[in-house]
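Residues per chain are reported as follows:
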Amino acid sequence: MIRLEKRKEPSTFWRIANPFLAVALTMVAGGIMFAALGKDPIAAIRLIFFDPIFSAQFGSYSRPQLLIKSAPLILIAIGLAIGFKANIWNIGAEGQYIIGALFGAGVALAFFPAPGWYIFPLMVLAGAFGGFLWAMIPAILKTRFNTNEILVSLLLVYVAERILAAMALGLMRNPDVAGFPGSRDLRRYEAAHNAELIAGTGIHWGVVAALVAVIFAYAMMTRHMLGYHIKLAGQAPRAARFAGVSPARLVVVCLGISGALAGLAGMFEVSGPGGQVRIEFASGYGFTAIIVAFLGRLNPLGIVLAGLLLGLTYIGGELAQMMLQLPGASIQVFQGMLLFFLLALDFQTNYRLRLTKGARI
Amino acid sequence: MRQPLLRLDGLTKAYPGVLANDDISFEIGTGQMHALLGENGAGKSTLVKMIYGLVKPDRGTMTLRGADYAPAQPSEARRNGVAMVFQHFSLFDALDVAENVALGMENPPPLRDLARRIREVSTAYGLPLDPNRLVGDLSAGERQRVEIVRCLLQEPKLLIMDEPTSVLTPQEVEVLFRTLRQLAQEGTAILYISHKLDEIRALCDEATILRGGRKVATCDPREKSARELAELMVGQVLTPPERPAKPKGAALLQVTNLSLTSNNPFGTSLKNISFTLHAGEVLGIAGVAGNGQDELLLVLSGEVPTGADQVQLKGTPIGHLGPNARRKRGLVAAPEERLGHAAAPDMSLTENALLSGAQRKRLARSGFINWNATDRFAREIIAKFDVRTPGPNVLARALSGGNLQKFVIGREIELAPDVIVVNQPTWGVDAAAASFIRQALLDMANRGAGVVVISQDLDELLELADSFAALNEGRMTPVRPAKGLSVDEIGLMMGGAHDMTPAHGVNA
């Protein structure tokens, strides 16, 4: 008979080993999926995980893309991880990302075509504020009416998508190009352009912001009372109240931080790599960041590694679409499998399987 | 000499890293009341689990009525006439008494017959029960009756009772003892587990004492003093806490007309509670579990705020303040539940030292934690309160209950407060650690602090308290001097009228 036993202490070995094991299992299962689609599994896995960086043919294009794709993932995931530690589940980062982008672009379009050094910093503030504001909706509903922040934040993503479409078709539409949806291209508006800082590296202000966020989050979670209270509230809510933590305040703080960071990510994207407010602007970073947060063990340094890996699957996925005509959804399946395997494996961090002889109660 | 009912021969059971039972042999006679005594961790639970078929011994044999007895599971034990009443009830609140009883039986008869049998048996043994009442509406004592009646319906030859009186008022205990004596007279052997020595001396005719997994002695408890038994249990000479007489100090903590509606459906609302605590005074608050103890602690610790004037510390209204503001002003608390309330299970002792120590020990400056100072504070608690642990980096949940309790109480005492409120300070703690914690609380009072001890352990309260009050359904009795109070009076204060008189019949 197989029995489950709770470990006395969570296993450190499995905590660290599981993300790697999950990646390996995802490669195997993904390979099987590709084979079932009639593609060469080895070539597909190579194309997704290795070629974007190491291939002479694609590398020069793909390598800068890595930071461009990873930075928003890391920026969003850092904020989500802080909330997740406190058992506050912001699932709607995608919505906050969109609203942040709209606020940032809104500032830029309002000033267009004026020059001025202050425009970009204003956009940064506006982007963070937009995300914060959107996250305050589930926060206030939760603290006032005890609604579920998972549902509210998730459903607000679809509201945000509608607003995005309305903006792209209406208020923010480029008046100079008749008939086409989408705003002016912010990359052509120098005061608002989130340009590459070092040519050929993909480093833009969003990458810098992600790095700063990682350092701040690390310091807060390990050295500051707020981080301590966040962990305490997640692990033992009653002990947190005993320590004087106000649950409502924590909900506002955690959702606020994650919303602001998601909003920032959206703003850096729309003013740089994305370029303009378009209907199809949202590309799922807000959801993928959930995987990044878990794969990185909610740890800021782990999130950097996980963000780079998931960023890689984005680029590799595009490459595989191009080269092997893999369906676009297959890369989402791939990312989903990664989370699935990780959560399944994590079971053995806290439990161990035991074979026992005979029946027991 | 009566013929032995159950003989244990060299029972041994090892768990990784600990020998829970080491070569234990003794006999229980038919109709005998046999006590099993020992501190926490002495191996009592493991031993009875082997008898009840929950755990298989590594070595050793059991003989029941002359035949080999090696139950593989509890149902086999029950078929052989061995029944057990656990310390923690396994009852469903939403089902009625008869349904609950049926759930615990192998082949329950139709509910109507069962209800009739429950009435018969429960009345015959002086434990009247209405089979149609919902268990959720019953008091702790009545719930225990359900468990006992469930066992009695199977006509056991051996009834194992695990600390049955820990949830009962003195009057309820009397009723239970009458039932047990009647059972013994009819030939049912009773294995009675407890660490309340007076009870055992009143009830049992033989006692087996375990210490560290080994049998230390089998003796007649009526021939030993409670003190001798305790010393056999802990293996050392115990000194009762001492305290010099002292005059009453200034008023420290004043609670005035405190009422609080519990927002938890199973909680107890506090009703109009008033008392004053003076410097150097230990106020003992008694009561059966679930009569408002938890709620009172939350209100005093600041986790649940009230009107500002309802709680005053040294004349300043603090009822509206949260836990940290109260700590800063000199009021600290230690809740009953160690894991999850007083301490975070998955955090290290160092991190747990920060939990309530941050303010008074200045462990954080403008929010940034001084981990070195926190670590020193944790080590200080560990050293001063004899917390047995490899070091402050160990997770709280890895500590035994008694050690964690020493850490939690030690942490609050080290904060040198003016007033400390503790709930069940020695619950589940072994005798040596318990007397240590009690002494530490008395030392605090001697230094001029005010101490509020909420406890269900009357012996503990009588040992510690200068003044005494009891909680019953959220109301508190007036505070009386503890000196000269008899156990009967205390029982009445605790609300002994919990429908426990056997004459209180059930309408058929």
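Structural notes on the overall build of chain A
Looking only at helices and strands, one finds 14 helices and two strands in chain A. The C-alpha radius of gyration of chain A comes to 22 Å, within 12% of the 21 Å expected for a compact globule of 361 residues. C-alpha extents for chain A along the principal axes are approximately 80 × 55 × 35 Å. When burial is assessed residue by residue, chain A has 50% of its 361 residues classed as buried. Excluding contacts between residues fewer than 6 apart, the proportion of contacts in chain A whose partners are at least 24 apart in sequence is 79%.

Quick notes on the overall build of chain B
When you go through chain B residue by residue, the secondary structure sums to 16 helices and 23 strands. The C-alpha radius of gyration computed for chain B amounts to 24 Å, which stays within 12% of the reference 23 Å derived for 508 residues, consistent with globular compactness. When the backbone C-alpha atoms are referred to their principal axes, chain B occupies close to 70 × 55 × 40 Å. When contacts within chain B are restricted to residue pairs at least 6 apart in sequence, long-range pairs at least 24 apart make up 68% of them.

What about the pairing of strand β21 (residues 467–472) of chain B?
All names here are of chain B. Burial runs high along β21: six of the six residues are buried. Pairing between strand β13 (residues 282–286) and β21: four bridges, direction parallel. Looking at the pairing, A286 lines up with A470 of β21. Two elements, β21 and strand β23 (residues 480–481), share two bridges in a ladder whose sense is antiparallel. The residue bridging S467 from the neighbouring strand is P481, located in β23. Judged from the two bridges that link them, β21 and strand β22 (residues 475–476) form a sheet pairing that is antiparallel.

Observations concerning helix α1 (residues 12–36) of chain A
Because the α-helix completes a turn every 3.6 residues, residues three or four places apart line up on one side. Residues and elements named next belong to chain A. Over its 25 residues, α1 runs 36 Å from end to end, which matches the ideal 36 Å to within 8%, given 1.5 Å per residue. Buried within α1 we find N18, P19, A22, T26, G30 and F34. Positive backbone phi, at 85 degrees, marks G38, one or two positions downstream of α1.

A closer look at the domain arrangement of chain B
How big an interface is tends to be reported as the loss of accessible area on association of its parts. All names here are of chain B. Domain boundaries in chain B define domain 1 (4–234) and domain 2 (251–346 + 418–493). Between domain 1 and domain 2, the C-alpha centre-to-centre distance is 33 Å. Across the boundary between the two partners, domain 1 contributes eleven residues, which contact ten residues of domain 2. Put simply, the parts of the chain that give the side of domain 1 that touches domain 2 at least two residues each are α6 (170–185) and α8 (226–234). Sort the elements by how many residues they give to the side of domain 1 that touches domain 2 and α8 lands first, with three residues. Split by residue class, the side of domain 1 that touches domain 2 holds six nonpolar, four polar and one charged.

Concerning the interface of chain A and chain B
Counting residues at the interface gives 19 residues for chain A, matched by 28 residues for chain B. Contributing elements (two or more residues each) for the side of chain A that touches chain B: α9 (225–235) and α10 (237–242) of chain A. Here the side of chain A that touches chain B gets five residues from one element, more than from any other, and that element is α9 of chain A. Its residues assigned to classes, the side of chain A that touches chain B comprises ten nonpolar, four polar and five charged.

Notes on the nonpolar core
Membership of the largest hydrophobic core comes to 262 residues, with the highest contact counts inside it found for L75, I76, A77, V292 and A293 of chain A together with Y192 and V453 of chain B. With 14 residues, helix α4 (residues 59–85) of chain A is the single largest residue contributor to this core. In this structure, this core is formed jointly by two domains, domain 1 (4–234) and domain 2 (251–346 + 418–493) of chain B, each of which donates at least three residues.

Here's the deal with the sheet that holds strand β11 (residues 251–260) of chain B
All names here are of chain B. Within the open sheet, the four strands sit side by side as β12-β11-β14-β15. Their pairing is antiparallel. Here the strands that pair on one side only, and so sit at the sheet edges, are β12 (270–278) and β15 (316–317). Where β11 lies against β12, six bridges are found, and the strand directions are antiparallel. Bridged to L258 within β12 is I273.

So, the pairing of strand β10 (residues 214–219) of chain B
Residues and elements named next belong to chain B. Looking at chain direction, strand β9 (residues 206–211) and β10 are connected through five bridges and run antiparallel. By the bridge assignment, I209 is partnered in β10 with A217. Taken together, β9 and the strand that follows it, β10, pair antiparallel across an intervening segment of two residues, in which G212 is found at a positive phi of about 55 degrees.

Quick word on the packing of helix α8 (residues 205–223) of chain A against helix α13 (residues 300–324) of chain A
All names here are of chain A. Where α8 contacts α13, the two axes come as close as 9 Å, and the packing angle between them is 150 degrees. It follows that α8 is roughly antiparallel to α13 by the angle criterion. Where α8 approaches α13, its residues V214, A217 and Y218 are matched on the opposing element by P300, L301 and V304. Here the residues of the contact of α8 with α13 sort into six nonpolar, no polar and no charged.

With respect to the sheet that holds strand β3 (residues 33–37) of chain B
Residues and elements named next belong to chain B. The strand order β6-β7-β8-β3-β9-β10 describes an open sheet built from six strands, whose pairing is mixed. What marks the edges here is a single partner per strand, and that holds for β6 (82–85) and β10. The average undirected angle you get between the axes of adjacent strands in this sheet is 20 degrees. Against the sheet, α6 engages β3, β7 (158–162) and β8 (189–194), with an angle of about 145 degrees to β8.

Some points on unusual backbone geometry
F112 of chain A connects to P113 of chain A through a cis peptide bond whose omega is 5 degrees. Looking at where P113 of chain A falls in the secondary structure, it is placed in the loop between α5 (93–111) and α6 (119–145). For R362 of chain B, which is not glycine, the phi dihedral falls at a positive 50 degrees. Along the polypeptide, R362 of chain B turns up in the loop between α11 (349–357) and β17 (364–365).

Description of the packing of helix α12 (residues 285–295) of chain A against helix α14 (residues 329–350) of chain A
All names here are of chain A. Close contact between α12 and α14 brings their axes to 10 Å; oriented N to C, the two are set at 35 degrees. Crossing handedness for the pair α12 and α14: left-handed. Contacts between α12 and α14 involve T288, I291, F294 and L295 from the former and Q335, L338, L339 and L342 from the latter. Residue composition of the contact of α12 with α14, grouped by class: six nonpolar, two polar and no charged.

Regarding the confidence of the model for chain B
Residue and element names in this part refer to chain B. Per-residue pLDDT for chain B averages 85, and the proportion of residues at 70 or more is 92%. By mean pLDDT, the top-scoring element of chain B is strand β16 (residues 331–334) (96), and the lowest-scoring one is helix α16 (residues 487–493) (73). Taken together, the stretch residues 496–508 has pLDDT below 50 and engages in 24 contacts with residues farther than four places along the chain or on a different chain. Among the prediction metrics, the complex's ipTM stands at 0.84, with pTM recorded as 0.75.

Points about the environment of G428 of chain B
Residues and elements named next belong to chain B. When you line up the elements, G428 lands in the loop between β19 (419–423) and α14 (431–446). For G428, a count of 15 C-beta atoms within 10 Å gives the class partly exposed. The sequence separation of G428 and G280 amounts to 148 residues, and the corresponding C-alpha distance is 27 Å.

Description of the environment of G328 of chain A
All names here are of chain A. Of note, G328 is situated in the loop between α13 and α14. G328 sits in the exposed class, given 10 other C-beta atoms within 10 Å. Separated by ten residues in sequence, G328 and E318 place their C-alpha atoms 7.7 Å apart.

Considerations on the environment of M50 of chain B
Residue and element names in this part refer to chain B. Mapped onto the secondary structure, M50 falls in helix α1 (residues 44–51). By the C-beta count within 10 Å, which is 25 here, M50 ends up buried. Each C-alpha atom of the pair M50 and L11 lies 8.8 Å from the other, and the pair is 39 residues apart in sequence.

Reading guide: rules and limits
Once a new chain begins, its residue numbering starts again from 1 and follows that chain's sequence as written. A letter from A marks each chain and a number from 1 marks each ligand, given out in the order of writing. Restriction of local features to residues with pLDDT of at least 70 applies here, the model being predicted, together with a cutoff of 80 or more for giving and counting side-chain atom pairs; totals for whole chains, interfaces and linings are based on all residues. Secondary structure follows DSSP: runs of H or I at least 4 residues long count as helices, runs of E at least 2 residues long count as strands, and numbering of each begins at the N terminus. With C-alpha atoms as the basis for the radius of gyration, the globule rule is written as 2.2 Å multiplied by the number of residues raised to the power 0.38. Neighbour counting defines burial: a residue surrounded by 20 or more other C-beta atoms within 10 Å of its own C-beta is buried, one with 12 or fewer is exposed, and intermediate counts give partly exposed, using backbone-placed C-beta atoms. Two residues qualify as a contact pair if the distance between their C-beta atoms, derived from the backbone, is within 7 Å. By this definition, two strands are paired if DSSP reports at least two bridges between them. Between the first and last residue of a helix there are one fewer steps than residues, each counted as 1.5 Å, and that sum is the expected span. Domain start and end points were adopted from an automatic or database domain assignment. Basically, the charged four are Asp, Glu, Lys and Arg, the nonpolar ten are Ala, Val, Leu, Ile, Met, Phe, Trp, Tyr, Cys and Pro, and anything else, Gly included, counts as polar. Only buried Ala, Val, Leu, Ile, Met, Phe, Trp, Tyr and Cys residues enter a nonpolar core, and they are joined through C-beta atoms within 7 Å. A fitted line through C-alpha atoms represents every axis, and for helices the fit uses only the stretch in contact; the resulting angles, taken between N-to-C directions, go from 0 to 180 degrees. Under this scheme an angle from 65 to 115 degrees is roughly perpendicular, one under 35 degrees roughly parallel, and one over 145 degrees roughly antiparallel; angles in between are oblique. Handedness of a helix crossing follows the sense of rotation of the near helix relative to the far helix, less than a right angle counterclockwise being left-handed and clockwise being right-handed. Per-residue confidence from the predictor is reported as pLDDT, which spans 0 to 100.

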